[in-house]
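Now for the letters of each chain:
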2 protein chains.
Amino acid sequence: MEAIDSLVKLLSRLPGIGGKSASRIAYHLISADEDYDRRLGQAIAEIKGRIHFCPRCGAYAEDDLCEFCSDTRRDQSLLCVVEQPQDAITIASSGIYGGLFHVLGGAIDPMNGTGPDQLTLSQLKRRVQEGLFKEVIIATNPTEEGDTTALYIRQMLKGMDVTVSRLAAGLPIGGDLEYADRLTLARSIRGRVSY
Amino acid sequence: MEAIDSLVKLLSRLPGIGGKSASRIAYHLISADEDYDRRLGQAIAEIKGRIHFCPRCGAYAEDDLCEFCSDTRRDQSLLCVVEQPQDAITIASSGIYGGLFHVLGGAIDPMNGTGPDQLTLSQLKRRVQEGLFKEVIIATNPTEEGDTTALYIRQMLKGMDVTVSRLAAGLPIGGDLEYADRLTLARSIRGRVSY
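To start, this report covers the structure provided alongside it.

### Structural notes on the relation of the copies chain B and chain A
Thinking step 1. Rotating chain B by 180° about the axis while translating it 0.0 Å along that axis superimposes it on chain A, leaving an RMSD of 0.1 Å. What the superposition gives is, in effect, a two-fold axis relating one chain to the other. Minimal C-alpha distance to the rotation axis in chain B is attained by G41 of chain B, lying at 1.9 Å.
Thinking step 2. A high fraction, 100%, of the interface residues of chain B reappear at the interface in chain A, so the copies pair face to face through one surface.

### Looking at the interface of chain B and chain A
Thinking step 1. Between chain B and chain A, the residue contacts involve 42 residues of the former and 42 residues of the latter.
Thinking step 2. Each partner contributes to the roughly 4,400 Å² buried at the junction of chain B and chain A, and carbon and sulfur atoms together form 71% of this total.
Thinking step 3. Of all residues in chain B, M1, I44 and K48 of chain B bury the most surface against chain A, accounting for 16% of the area lost on that side.
Thinking step 4. Taken together, the links from chain B to chain A amount to two salt bridges.
Thinking step 5. Close ionic contact of E2 of chain A with R50 of chain B constitutes a salt bridge, the shortest N to O distance being 3.1 Å.
Thinking step 6. The interface formed by chain B and chain A includes twelve residue pairs in polar contact (both at pLDDT 80 or more).
Thinking step 7. Elements supplying a minimum of two residues to the side of chain B that touches chain A: α1 (2-11), α2 (19-31), α3 (34-50), β2 (60-61) and α4 (85-93) of chain B.
Thinking step 8. Considering every element that reaches the side of chain B that touches chain A, the biggest residue donor is α3 of chain B, with 14 residues.
Thinking step 9. Classifying every residue of the side of chain B that touches chain A gives 24 nonpolar, six polar and twelve charged.

### Here's the deal with the packing of helix α5 (residues 121-129) of chain A against helix α6 (residues 144-156) of chain A
All names here are of chain A.
Thinking step 1. Put simply, α5 and α6 touch, their axes get as near as 11 Å, and they point 40° apart. With respect to α6, the element α5 is oriented oblique. Relative to α6, the crossing made by α5 is right-handed. Of the residues in α6, those touching α5 at L121, L124 and K125 are Y152, I153 and M156.
Thinking step 2. Of the residues in the contact of α5 with α6, the class split is five nonpolar, no polar and one charged.

### Some points on the packing of aromatic side chains
All names here are of chain A.
Thinking step 1. For the structure shown, the criterion picks out eight aromatic pairs over all chains.
Thinking step 2. Where F53 meets Y60, the ring centres are 5.9 Å apart and the plane angle is 25°; that geometry is what we call stacked.
Thinking step 3. Residue class for F53 comes out exposed when judged on its relative accessible area of 52%.

### Quick word on the sheet that holds strand β4 (residues 99-103) of chain B
Residue and element names in this part refer to chain B.
Thinking step 1. Read across the sheet, four strands follow the order β4-β3-β5-β6 without closing on themselves; strand pairing throughout is parallel. The open sheet has two free edges, formed respectively by β4 and β6 (163-166), since each of these has just one partner strand. Within this sheet the neighbouring strands show an average axis-to-axis angle of 25°, counted without direction.
Thinking step 2. When strand β3 (residues 75-82) meets β4, the two strands line up parallel, connected through five bridges. Counted as the bridge partner of L79 is L100 from β4.

What counts, and at which threshold
- Each residue is numbered by its place in its chain's sequence as written, counting from 1.
- As a convention, the first chain written is A and the first ligand written is 1, with the rest following in written order.
- It should be noted that, the model being predicted, local features are given only for residues of pLDDT at least 70 and side-chain atom pairs only at 80 or more, the latter also being counted only at that level, while totals for whole chains, interfaces and linings use all residues.
- Neither water nor hydrogens contribute to the side-chain values; these are computed over all heavy atoms in the structure.
- We place the copies in one frame by least squares, fitting the C-alpha atoms of every residue whose pLDDT is at least 70 in both.
- Any two residues having at least one pair of non-hydrogen atoms within 4.5 Å are treated as being in contact.
- Buried area is a sum: the accessible area each of two parts loses on coming together, probed at 1.4 Å, counted once for each and added.
- One speaks of a salt bridge when a side-chain nitrogen belonging to Lys or Arg is within 4 Å of a carboxyl oxygen belonging to Asp or Glu.
- Between N or O atoms, a polar contact is any pair within 3.5 Å; within protein, one atom must be a potential hydrogen donor and the other a potential acceptor, and residues adjacent in sequence are included only when both atoms are from side chains.
- The numbering of helices and of strands both runs from the N terminus, where a helix is a DSSP run of H or I of at least 4 residues and a strand a run of E of at least 2.
- Gly is put with the polar residues, along with every residue not named as nonpolar or charged; the nonpolar set is Ala, Val, Leu, Ile, Met, Phe, Trp, Tyr, Cys and Pro, and the charged set is Asp, Glu, Lys and Arg.
- The convention used is that axes are lines fitted to C-alpha atoms, helices contributing only their stretch in contact, and that angles between N-to-C directions extend from 0 to 180 degrees.
- Roughly parallel means an angle under 35 degrees; roughly antiparallel, over 145; roughly perpendicular, 65 to 115; everything else is oblique.
- For any pair of crossing helices, the crossing counts as left-handed if the nearer helix is rotated counterclockwise from the farther one by less than a right angle, and right-handed if it is rotated clockwise.
- Aromatic pairs are defined between Phe, Tyr and Trp rings, using the six-membered ring for Trp, whenever the two ring centres lie within 6.5 Å; interplanar angles under 30 degrees are classed as stacked, those over 60 as edge-to-face, and all others as tilted.
- Throughout, exposure labels follow a simple rule: accessible area from a 1.4 Å probe, protein chains only, divided by the maximum for the residue type, with under 20% read as buried, over 50% as exposed, and the rest as partly exposed.
- Strands qualify as paired when DSSP identifies two bridges or more between them.

Next comes the structure, spelled out in structure tokens:
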């Protein structure tokens, strides 16, 4: 059936959705409330039009500035540097960080053609040079690319009057040593803290 | 952010999609091709309008009759009785069944208020009484409700000039005895075949 088949095909291009899940979702949509289908369809079709990148920090924004930059109650002396806009949302929703963000738009990855110039590193430098931040927390991913980028940022900010830190890497809380991968284990040993 | 939050909320109502997957899909949609978002959104919003139930067999249909009832190359002497429209699609796509379908719209489940009258059982009886079918294959789910429904149909068709069969239940192919649940194992022992 063409309508179902093409819906399934479109759905299975979503991340984490295989053919079976796509069929299941399609059947669910057929038997779901018509108003729900209409609202979901509209939300999907319109999302790109409603969201842009914050001109100051690069996070997702609905208004001129993003919700972080426009929130004066956030600590204006703390800056957290992340790779992607969604990382800012994840960190903000942890509830433990109340400062501002800077979104790089990726990580340095020469193998895939992403050099420092493709990221918002010069904007980051300019923001830090304004001298309003006391601390820059580098929250790039604990991957090779994220580490390279963190190193690059540390070098770039050297000599500026700002504390530079990096998110701790190690064993996930609630995890089991037995199931930790080698790299995580190595990182948690190298980065062991006095106790 | 309201646009993202409401999209995530709508997405997480889909089957098999939790909060994390919903967020991941939402971020994917933000960075995806705009034309893809528009087409997916439209396909979702329109699916209910494009699909109805076949007046003859109850399967999903885009035209007057479903693709099964309108396909004269299918074996008109074989009828497969299923609970849901998607079951017909699943069985047809196995490639091993080339007959027609009858969709009950559920299974007898008195605890949840589904009696025989809520299903298309009288239509099934009428179709079989027309005398065109040589065999009726009952393909209700191998659950208590599916079994009850199968039993009901067997009684209802008793005395009519038609062979009644039921899908075999037992160990799934490629499965491991050790991981088989008790009920499946019991069913496969009770239903053992000479070898």
